[in-house]
Amino acid sequence: ACVVFNFADPTTTRAIHKSALSAIREKPYTCLQQAGESVGGMICLSPDKLKEIIKDKDIQVDELFLFKQLLKWRKTNKNIYANATAICKQIASYINLAYIDPNDIQSLVLDSGLVQERVVIDALLEQSISATKEGLAFAALRGLQSSEQVNVMVQDAGTTDCNGIYKQCHREGTM
């Protein structure tokens, strides 16, 4: 599907372009990965077609997968396009890093050199703010704490007297 999509023009071969894009949207993981060493998948796309795929919000695929495919594209096409890294840096801006696990951001995204540190920080802040809205608290007590001790921060409990930091207590026969 990617090979056909790469050569299809949205104006002169509209039906072919639409059909190839439809196939990619229907089975993105199958279509966007290369079948062999250098056949098919995102690696065969021109920079413009690569950008079109990455920007397409109707392709239901996770952001980490797209980022990994972008890295493969750069590796495969660095000898074809002298500015492959610059192309990937520009296209990476269309990938929502806030939807990538922080561990993958640390180990893969930062090391890639495709994304500025400020963009990574913004994505991690967005994740943290979203997590606190869902009830996850990052606050912890200072000092020595037992690894078995669990502290829970309660906020907006409805009554201000209920808000605060609670310690988990273990009683014999209960938890």
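Residues numbered from 1 in each chain as written. Predicted model: local features only at pLDDT ≥ 70, side-chain atom pairs only at ≥ 80, totals over all residues. Heavy atoms only, no water.

**Quick look at the pattern of salt bridges**
The condition is simple: Salt-bridge detection follows one rule: a side-chain nitrogen of Lys or Arg within 4 Å of a carboxyl oxygen of Asp or Glu. Each helix is a run of H or I in the DSSP string that is no shorter than four residues. Each strand is a run of E no shorter than two, and both are numbered from the N terminus. Each residue is assigned to one of three classes by its accessible area relative to the maximum for its type, calculated with a 1.4 Å probe on protein chains only: buried under 20%, partly exposed between the two thresholds, exposed over 50%.
By the definition in use, this model includes three salt bridges. The partner of Arg-25 in a salt bridge is Asp-56, with the nearest N and O atoms 2.7 Å apart. Taken together, the positions of Arg-25 in helix α2 (residues 14-26) and Asp-56 in the loop between α4 (47-55) and α5 (63-77) put the pair 31 residues apart, joining distant regions of the chain. Given the relative accessible area of 33%, Arg-25 is considered partly exposed. What makes Asp-56 buried here is its relative accessible area of 13%. Put simply, Asp-122 and Arg-118 hold a salt bridge, and the shortest N to O gap is 2.7 Å. A residue pair is termed a helical-turn pair when its members lie 3 or 4 positions apart in one helix, as Asp-122 and Arg-118 do in helix α8 (residues 117-133) at four residues. Accessibility expressed as a relative area gives 38% for Asp-122, which makes it partly exposed. Accessibility expressed as a relative area gives 47% for Arg-118, which makes it partly exposed. Put simply, Arg-25, Asp-56 and Asp-58 are held in one network by salt bridges that share partners.

**Regarding α4**
To keep things clear, this is the line we draw: Within this analysis, the arc is defined by the directions that extend from the helix axis to the C-beta atoms. The contact definition used throughout considers only heavy atoms, calling two residues in contact when any of these lie within 4.5 Å.
Among the residues of α4, those classed as buried are Pro-47, Lys-49, Leu-50, Ile-53 and Ile-54. With its buried residues spanning 160° around the axis, α4 presents them on a single face. Structurally, α4 contributes buried residues whose contacts are with α1 (2-7), α2, α3 (28-32), α5 and α6 (84-92).

**A closer look at the nonpolar core**
Filter applied, for reference: Definition of nonpolar core: a set of buried residues of the types Ala, Val, Leu, Ile, Met, Phe, Trp, Tyr and Cys, connected through side-chain atoms within 4.5 Å.
Ranked by size, the top nonpolar core spans 36 residues in total, and within it Leu-32, Ile-53 and Phe-67 carry the most contacts. Counting only elements with at least two residues in this core, the list comes to α1, α2, α3, α4, α5, α6, α7 (102-112) and α8. Considering each element in turn, this core owes the most residues, seven residues, to α5.

**Observations concerning the side chain of Gln-127**
Within the secondary structure, Gln-127 is located in helix α8. You can call Gln-127 buried: its relative accessible area is 17%. Apart from the residues lying within four places of it in its own chain, the contact partners of Gln-127 are Leu-97, Ala-98, Tyr-99, Ile-100, Pro-102 and Ile-105.

**Observations concerning the confidence of the model for the protein**
Stated precisely, the cut-off is as follows: On a scale of 0 to 100, pLDDT captures the predictor's confidence in every residue.
Here the protein averages 85 in pLDDT, while 75% of its residues score no lower than 70. In the model of the protein, strand β1 (residues 151-154) stands out as the element of lowest mean pLDDT, 66, in contrast to α6, which has the highest, 97.

**Regarding the packing of aromatic side chains**
The relative placement of two aromatic rings is captured by the distance of their centres and the angle of their planes. To keep things clear, this is the line we draw: Classification of ring pairs rests on two measures: the distance between centres of Phe, Tyr or Trp rings, Trp counted by its six-membered ring, which must be within 6.5 Å, and the angle between planes, read as stacked under 30 degrees, edge-to-face over 60 and tilted in between.
Counted according to the given criterion, the structure contains two aromatic pairs. Note on Trp-73 and Tyr-81: the rings are 5.4 Å apart at their centroids and 20° apart in plane angle, and the pair reads as stacked. Since its relative accessible area comes to 0%, Trp-73 is described here as buried. Among the residues examined, Tyr-81 registers a relative accessible area of 23% and is labelled partly exposed.

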